[in-house]
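In case you want the letters, here they are:
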Amino acid sequence: MITLWNDIRYALRGFRRTPLFTTVAILSLAFGIGANTAIFSLLDQVLLRLLPVKQPEQLTLLTMKGDFIGSNWGMNALSFPMYQDFKDNNHVFSGMFCRFPTQTSMGYGGHTELINAELVSGTYFPVLGIGAYLGRTFTAQDDGPPGAPPLAMLSYSFWRNRFSSNPAILGKKIIINGRALTIIGVAQPGFDGVELGRPTKVFVPIMMKAQITPNWDALKDRRSRWVNAFGRLKPGISYAQATASLQPFMHSMLELEVTQAAFRNVAPFDRQQFLKCTIEALPGSQGRSYLRQSLATPLWVLIALTGTVLLLACANLANLLLARSTTRAREFAIRLAIGAGRARVIRQLLVESILLSALGAVLGLLLAFWADRFLLNAYLPSESTGDLAISSLPDFRVLAFTLIVMLVTALLFGLIPALQSSRSEIAPTLKNQAGSVVAGNVPLRKALVALQVTLSLLLLIGAGLFMRTLANLRNLHPGFNPEHLLGFEIDPSLNGYTAERSKIFYNRLTDELRAWESSMTVQGYTVKAGEHPLPYMNSVSPDYFSTMGIPVLAGRDFTRKDTEEIKHGPDADDWSPTTILINEKFAKKYFKGRNPIGMHLGFGSDPGTKTDMEVIGVVADVKYNNLRDETPVQAYTPYLASHFPLGMTVYVRTTLEPEQLMPMLRHKVQQLDANIPVYAMRTTEAQIGQSLRTERLVASLSSIFGILATLLAVVGLYGVMAYTVARRTREIGIRMALGALQGNVLWMVMKEVALLIGLGAIVGVPLAIGLSRFVQSQLYGLPANDPLTLAAATITLVAVAGLAGFVPAVRASRIDPTRALRYE
């Protein structure tokens, strides 16, 4: 330990004597290590981390696969009766629970806000192994008859932030969607539900489904898939074994269901396809998350980019250490001459490398903390319903990752220079002739430069592909005019409004200010086996298309007269409007060669479905979810003709700056009802920009990394060529004394520059083409091996690197032969 401490003190003294080298080295490492730590911190929290519950690796998520007949709410969903059947009839789970996420209006202390809530079964907390910080959690006894008990639990973070950690909150009531619920507990710290990106604020018993989601009670409906069902595997049971064990019971359930009245009019082919549905037990240790799904590929791409930047920094630093070793040749020779072994010299140099890497890692952690805060605010902003529950503070896992990266980095850039320096030839070096060391270093330094050129080219090509993708998406017209367009969302039903009250409210709001999915039957369209028209449905008001700037290509827009409803059968939900509009893609697909105006549609796909909705207009195609998606088949119904009008998005077009209208719009809604929250107010241009946040993140960071990589490669190339020119000064002087022209000397140096750049490009371009297939899913409007991007990146790197090599070449061509012959 004493020897190690002495090595550290000696290394620090050496760093103080070479401040420029030390500064460049630490900054290079700080950028490389910091970038990797920042991206790993996000990747770890989004993709790698398990749920903070008891033995999360035992959890499994059930999903139904196949042609389901009925409604579906999100991925990995089952009907509530199916969940109950599995819970009561399985031999592979020690326990099961189900949940359903929803947005609710919460009132407390005279303030109303929109929050994320989760309807959960009474087994939710016991199966997860989550206890209560205050009060108690739900139990199986809370799964009583529908509508009872009116209880609620708070997440720890919501209790701390919204209720100021008030322990007297137990027993108090909060108003959820117009219903008074009694708070019985606060969940333990660190648990915000099982869905990343959608942290739960309030937990409610699932038996209150009808009260919390007004006008939609699906507790007994086998045709509605809406709950996520989780199970805890018994010891020794695998996912495959669980799937095999559940499948026979699944099949018996399906055979029972097809005998029910809901299947009376289902076509034989559809019935057969339904019976082929299967159940699968998926890993549930991370819960479920749309955010994880959308960010998986971008984060892996970014970690690959930052890893490449770190490799570049290591190559550059190795070059610096090799150059520095030539100035320390006498020091190493003296150490070896007085009895030090090679291992002792290598240890000293590795201590210096580790110390440099440690200093870079400390600074890198600070940069990573700042970078993560910037990325979260700029590219992963909070949604309208709450934060993403992702922290920029480094924890033990991030610190461990940084430590590993620090040690690996120190070995990467420090080992080869240490091995080279420990081979000093004692006698020649002590005579102040370090030729052997220098000659041994130059080929290695050139190889490192070629490697830097290759890695830089990879990053530049990647940056070019992502930047062009972002440009293609930004230039893509969404199908409507987003300029001076403002939108916000409201849902009176969350405040206890009945259907009739909601319609009156929407009518008044529209006067003051002047979407769902279902299968359909098309008049005169022959349905192919297994195929039914399944358009994206949107309920809109009159003047929606003129406000959005969507042209009506044929027919007319809705008017107030189009709000009549048709009742088809005895069920209360069996309603539809009398008129409908379709988009151009719908018309071309289902009315090919026919005029759609005056034709009729009907909700449902069963034989004999009534087609009572008249097509009164065809509108232009518009994007639906995001700019990347293909334009879908769409249909529009008048929103006041809906039997149960729920939440709506209100759009207002103005000649003023939209931001100026935001306070006025909130005031208008509050004048009608001060208890209805207005949320997600934003300009449409901002919404489009928000939809491209992942593309902006990848494009921005890849561009920064590409520029940084090019600078590192340029510095490395310049350093090697400048050193080569200095080493060959006498040779150049002799050549010029014998009659060589400046152009000859210039070309002699530039040949080496061209060789290094060429080697890097020859390896880099094919490697980029081979690796580009891994990022194809992140591109839009261009192939992964886009020749324009490949050519532009290659030309840019050749030009910049060529300029870096040209400066030493010019200096060599201007050497004075007389002075050069006296040069030592």
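Residue indices follow the written sequence of each chain, beginning from 1 at its first position. Side-chain atom pairs in this predicted model are given and counted only at pLDDT of 80 or more, local residue features only at pLDDT of at least 70, and totals for whole chains, interfaces and linings cover all residues. Side-chain calculation: all heavy atoms of the structure are included, whereas hydrogens and water are not.

With that settled, consider the sheet that holds strand 23 (residues 648-653). Pairing between two strands requires that DSSP report at least two bridges joining them. Each helix is a run of H or I in the DSSP string that is no shorter than four residues. Each strand is a run of E no shorter than two, and both are numbered from the N terminus. Pairing in this open sheet of three strands is antiparallel, and the strands run 23-13-24 from one edge to the other. Two strands lie at the open edges of the sheet, namely strand 23 and strand 24 (679-683), each paired on one side alone. With direction set aside, neighbouring strand axes in the sheet form an average angle of 15°. Note: strand 13 (residues 485-490) against strand 23, six bridges, orientation antiparallel. Between N-to-C directions, angles cover 0 to 180 degrees, with each direction set by a line fitted to C-alpha atoms, over the stretch in contact for helices.

Turning to the nonpolar core, a few remarks are in order. The set of buried Ala, Val, Leu, Ile, Met, Phe, Trp, Tyr and Cys residues whose side-chain atoms join them within 4.5 Å is what this entry labels a nonpolar core. Only protein chains enter the calculation, and the probe is 1.4 Å; a residue is then buried if its accessible area is under 20% of its type maximum, exposed if over 50%, and partly exposed in between. Counting 94 residues, the largest nonpolar core has Leu356, Phe413, Leu717 and Ile732 as its most contacted members. Contacts: residue pairs with any heavy atoms within 4.5 Å of one another. Beyond its immediate chain neighbours, meaning those up to four positions away, Phe413 contacts Leu29, Cys314, Leu317, Ala318, Leu321, Ser353, Leu356 and Ser357. If you look at the next biggest cluster of nonpolar residues, it comprises 54 residues, including Ile115, Trp159, Leu233 and Cys277.

Within strand 15 (residues 536-540), four of the five residues are buried, which leaves it mostly tucked inside the rest of the structure. For strand 15 and strand 22 (residues 634-638), the ladder comprises five bridges, and the chain directions are parallel. Its bridge partner lying in strand 22, Val540 is registered against Pro638.

Bringing helix 8 (residues 268-275) into the picture now. Inspection of helix 8 places Asp270, Gln273 and Phe274 among the buried residues, and these make up the whole buried set. Viewed end-on, helix 8 has its buried residues packed into an arc of 100°, placing them on one side of the element. Against the buried residues of helix 8 lie strand 1 (59-65) and helix 7 (239-257). What the arc measures is the spread of directions leading from the helix axis to the C-beta atoms.

Parts of the prediction with low pLDDT should not have their coordinates interpreted in detail. pLDDT: the predictor's confidence for each residue, scored from 0 to 100. On average, residues of the chain score 82 in pLDDT, and 88% of them reach the 70 mark or higher. This stretch, residues 382-387, has a pLDDT under 50; its non-local contacts, to residues over four places away or in other chains, come to 14 contacts. Long-range and interchain partners of residues 433-440, a stretch whose pLDDT sits below 50, account for nine contacts in this model, where long-range means more than four residues apart.

As a further point, take the packing of helix 22 (residues 742-771) against helix 23 (residues 787-813). Relative orientation of the contacting elements helix 22 and helix 23 amounts to 155°, with a least axis distance of 9 Å. One finds that helix 22 runs roughly antiparallel with respect to helix 23. When the axes of helix 22 and helix 23 are compared, the crossing they make is right-handed. Two secondary-structure elements touch here, helix 22 through Gln742, Val745, Leu746, Val749, Met750, Val753, Ile757, Val765 and Ile769 and helix 23 through Leu790, Thr794, Val798, Ala801, Gly802, Gly805, Phe806, Ala809, Val810, Ala812 and Ser813. In terms of residue class, the contact of helix 22 with helix 23 is built from 15 nonpolar, five polar and no charged. Each angle receives one of four descriptions, namely roughly parallel if under 35 degrees, roughly antiparallel if over 145, roughly perpendicular if within 65 to 115, and oblique otherwise. Should the near helix be turned anticlockwise from the far one by less than a right angle, the crossing is termed left-handed; should it be turned clockwise, right-handed. Amino acids are sorted into nonpolar (Ala, Val, Leu, Ile, Met, Phe, Trp, Tyr, Cys and Pro), charged (Asp, Glu, Lys and Arg) and polar (every other residue, Gly among them).

So, on to the environment of Thr278. Its location among the elements puts Thr278 in strand 12 (residues 278-283). For Thr278, a relative accessible area of 32% corresponds to the partly exposed category. As for Thr278 and Asp67, which are separated by 211 residues in sequence, their C-alpha atoms are 9.7 Å apart. With residues up to four places along the chain from it excluded, the contact list for Thr278 reads Thr63, Met64, Lys65, Gln247 and Met250.

This part covers the pattern of salt bridges. Basic side-chain nitrogens of Lys or Arg form a salt bridge, by our definition, when they fall within 4 Å of a carboxyl oxygen of Asp or Glu. On inspection of all chains with the given rule, the structure shows 17 salt bridges. Among the ionic pairs, Lys87 bridges to Asp88, the shortest N-O distance being 3.3 Å. With relative accessibility at 52%, the residue Asp88 sits in the exposed group.

Taken together, the side chains of Arg9, Arg13, Arg16 and Arg17 make up a positively charged region of the molecular surface. Residue placement: Arg13 occurs in helix 1 (residues 2-17). Patches were defined on residues exceeding 30% relative accessible area and lacking a salt bridge, with like-charge contacts within 9 Å and nonpolar side-chain contacts (Val, Leu, Ile, Met, Phe, Trp, Tyr) within 5 Å. For the area figures, the Shrake-Rupley method with a 1.4 Å probe applies, and any residue is considered shielded solely by the protein chains shown. Neither His nor the chain ends contribute to the count of charged residues, in which Lys and Arg are positive and Asp and Glu negative. All charge positions are set by atom: Lys at NZ, Arg at CZ, Asp at CG, Glu at CD.

Where nonpolar side chains cluster on the molecular surface, the patch consists of Ile762, Val763, Leu767, Leu771 and Phe774 and spans about 480 Å² of accessible area. Counting through the fold element by element, Ile762 comes out in helix 22.

Running from amino to carboxyl end, helix 1 crosses helix 11 (residues 342-378) at an angle of 65°, the nearest separation of the two axes being 9 Å. Considering only the axes of helix 1 and helix 11, their crossing is right-handed. Contacts between helix 1 and helix 11 involve Thr3, Leu4, Asp7, Ile8, Tyr10, Ala11, Leu12 and Phe15 from the former and Arg344, Arg347, Gln348, Val351, Glu352, Leu355 and Leu356 from the latter. Among the residues making up the contact of helix 1 with helix 11, the classes are represented as nine nonpolar, two polar and four charged.

Moving on, we come to a negative patch on the surface. On the surface, Glu483, Glu657, Glu659 and Glu685 cluster together to form a negatively charged patch. Among the secondary structure elements, Glu685 is positioned in helix 19 (residues 684-691).

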